[in-house]
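Observations on the three-dimensional arrangement
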Amino acid sequence: MIIVMQQGALQSQVEDVVKRVESLGYKVHLSRGEARTIIGIIGADEHILQPGTFEAMDGVEKTMRVMQPFRIASRDFTHQDSIVSVDGVQIGGQKIVVMAGPCSVESREMILETAHAVKEAGASILRGGAFKPRSSPYSFQGLGEEGLRYLAEAREQTGLPIITEVMSADEIELVCDYADILQVGARNTQNYSLLKVLGKQSKPVMLKRGMSSTIQELLMSAEYILSGGNMQVMVCERGIRTFETATRFTFDVNAVPVLKELSHLPVVADTAHGTGKWSLVNPVTRAAVAAGADAIMVEVHPNPASAWSDGAQSLTLERFAQLMRDLRPVAQAVGRTL
Ligand code: PEP
Ligand code: MN
């Protein structure tokens, strides 16, 4: 069972509820978020507790029984879709949010050119990696803080909030100085020590699905961030490893409605990494939108042939503008706007 305290509940009210839970022989997991405190009751037979025991107490908003192993991430926690808000952009609402930009920030000129073009075509968030998780230590590792500075300049010029990857806990402070949304990459989905620190941040987090993670494992990872008190979490399907060799990864379109059924968190579809091939990005993105994705993430580069990473799956500026035109009727058909 979870006890959700009212927004602005007093410290003494939280303490009274904790004492009551402990006096009944249960342990407590306290999540203090910026917005509200959540008290998780831990015990083998917590299901026998009566909601009224706590709901009558001062400062308590509601109690909830959660059947899934992930609790705060569960649809049982709130039936309403959660909305992550970033500088006036709402992810999880009626409008499908488009995150676009290069795999890596390569130079000031290329990120500025890309930022202006994707904004013009209708994107609302700029993506770009400054710290890159590469399979080879000899590949380009990203521009680091210099890349973050260029992203910030692109935001200044276009007004687009920025999302960029944070690979380790000791980079969080630096990345938070620049980024609006922190991206956790597929290779870090189950890096629990990183997730725990992200749970203490006030910036939104987009958590990608590991290439070999089940949907349940993804939601358990989201739970690490949520249970730390950071409620601004979205999950992202980015393709998984299967026996299929025609594509780099297999975009699991099932994951989109499965995640929407199991969880209230916004669902992002990264169809660039999900396919690995630019010609598949357009049709698979349309499929993801039709399946109910709240946001999409695609890689866009002014000259993919010369990209320092992921050129094969990057759309040119023109192909991105075409994708936006092609997505509009699909969004409309499923009752969304773009
Ligand atoms: C990326 O977004 O560029 C990236 C490295 O993604 P993933 O973690 O999904 O491989
Ligand atoms: Mn990439």
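Preceding block: the structure.
Numbers given for residues are sequential positions, taken from 1 along each chain in its written order. A letter from A marks each chain and a number from 1 marks each ligand, given out in the order of writing. Side-chain atom pairs in this predicted model are given and counted only at pLDDT of 80 or more, local residue features only at pLDDT of at least 70, and totals for whole chains, interfaces and linings cover all residues. Where side-chain values are given, they derive from all heavy atoms of the structure, hydrogens and water being excluded.

A separate point is the sheet that holds strand β8 (residues 125-127). Any two strands are treated as partners once DSSP identifies two or more bridges connecting them. Working definition: helices are DSSP H or I runs of at least four residues, strands are E runs of at least two. Numbering for both runs from the N terminus. With parallel pairing, eight strands are arranged side by side around a closed barrel as β7-β8-β9-β10-β11-β12-β13-β14. Going across the sheet, the axis of each strand differs from the next one's by a mean of 25 degrees, ignoring polarity. Bridge count for β8 against strand β9 (residues 162-165) is two bridges, and the pairing is parallel. Within β9, the residue paired with R127 across the bridge is I163. Every axis corresponds to a line fitted to the C-alpha atoms, with the helix fit spanning only the stretch in contact, and the corresponding angles, defined between N-to-C directions, vary from 0 to 180 degrees.

The subject of this paragraph is the nonpolar core. L126, L198 and F320 are the most contacted members of the largest nonpolar core, which has 74 residues in total. Domains are outlined according to an automatic or database domain assignment. Taken together, domain 1 (2-64) and domain 2 (84-333) each give at least three residues to this core, which thus spans both. The residues contacting F320, other than those within four sequence positions of it, are V98, A100, V118, A121, A123, V298, V300 and L315. What is meant by a nonpolar core is a set of buried Ala, Val, Leu, Ile, Met, Phe, Trp, Tyr and Cys residues, joined one to another through side-chain atoms within 4.5 Å. Partly exposed describes any residue whose relative accessible area lies between the buried limit of under 20% and the exposed limit of over 50%, with all areas from a 1.4 Å probe on protein chains only and scaled to the type maximum. Counting 15 residues, the second-largest nonpolar core is a separate cluster that includes V86, V89, M206 and M297. Contact criterion: two residues are considered in contact whenever any of their non-hydrogen atoms come within 4.5 Å of each other.

Around a metal, the perfect tetrahedron of four donors has angles of 109.5 degrees, and the perfect octahedron of six donors has angles of 90 or 180 degrees. At this site the manganese ion (ligand 2) is bound by C103 (SG), H273 (NE2), E299 (OE) and D310 (OD), with donor distances of 2.1 to 2.4 Å. Think of the donor list as every N, O and S atom within 2.8 Å of the metal, or within 3.2 Å for Na, K and Ca; water never makes the list, so a site can look incomplete. The sequence pattern formed by the donor residues of the manganese ion (ligand 2) is C-x169-H-x25-E-x10-D. You can see C103 sitting in the loop between β7 (97-101) and α3 (108-121) and its partner E299 sitting in strand β14 (residues 295-299), a full 196 residues away along the chain. Exposure class is identical for C103 and E299. Each is buried.

A word on the packing of aromatic side chains. When two rings of Phe, Tyr or Trp (its six-membered ring) have centres within 6.5 Å they constitute a pair, described as stacked for plane angles under 30 degrees, edge-to-face for angles over 60, and tilted for the intermediate range. Tallied over the entire structure, the rule returns two aromatic pairs. Judged by centre distance (4.8 Å) and plane angle (85 degrees), the ring pair of F140 and W308 falls under edge-to-face. Of this pair, F140 sits in the loop between β8 and α4 (145-158) while W308 sits in the loop between β14 and α11 (317-333), placing them 168 residues apart in sequence. By relative accessible area, which is 22% here, F140 ends up partly exposed. Between R238 and the ring centre of F249, over which it is positioned, the NZ or CZ distance is 4.2 Å. Seen from the ring of W278, R319 lies directly overhead, with NZ or CZ sitting 3.5 Å from the centre. Charge over a ring is defined by NZ of Lys or CZ of Arg lying within 6 Å of the ring centre and within 35 degrees of the ring normal.

What follows deals with the site of ligand 1. Definition of nearness: a residue and a molecule or strand are near each other if at least one heavy atom of the residue lies within 4 Å of the molecule or strand. Surveying the vicinity of ligand 1 reveals 13 residues, the closest of which are R127, K132, A186, K208 and R238. We call two N or O atoms a polar contact when they sit within 3.5 Å, provided that within protein one can donate a hydrogen and the other can accept it, with sequence-adjacent residues counted only if both atoms are side-chain atoms. Interatomic distance of 2.7 Å between a backbone N/O atom of A186 and an oxygen atom of ligand 1. Between ligand 1 and the protein, one listed contact pairs an oxygen atom with a side-chain N or O atom of R187 at 2.9 Å. Per-residue and other accessible areas were derived by the Shrake-Rupley procedure at a 1.4 Å probe size, with only the shown protein chains allowed to occlude residues. Its free accessible area being 290 Å², ligand 1 has 97% of it covered by the protein chains. Considered class by class, the residues forming the shell around ligand 1 number three nonpolar, three polar and seven charged. Charged means Asp, Glu, Lys or Arg here, nonpolar means Ala, Val, Leu, Ile, Met, Phe, Trp, Tyr, Cys or Pro, and polar covers whatever is left, Gly included.

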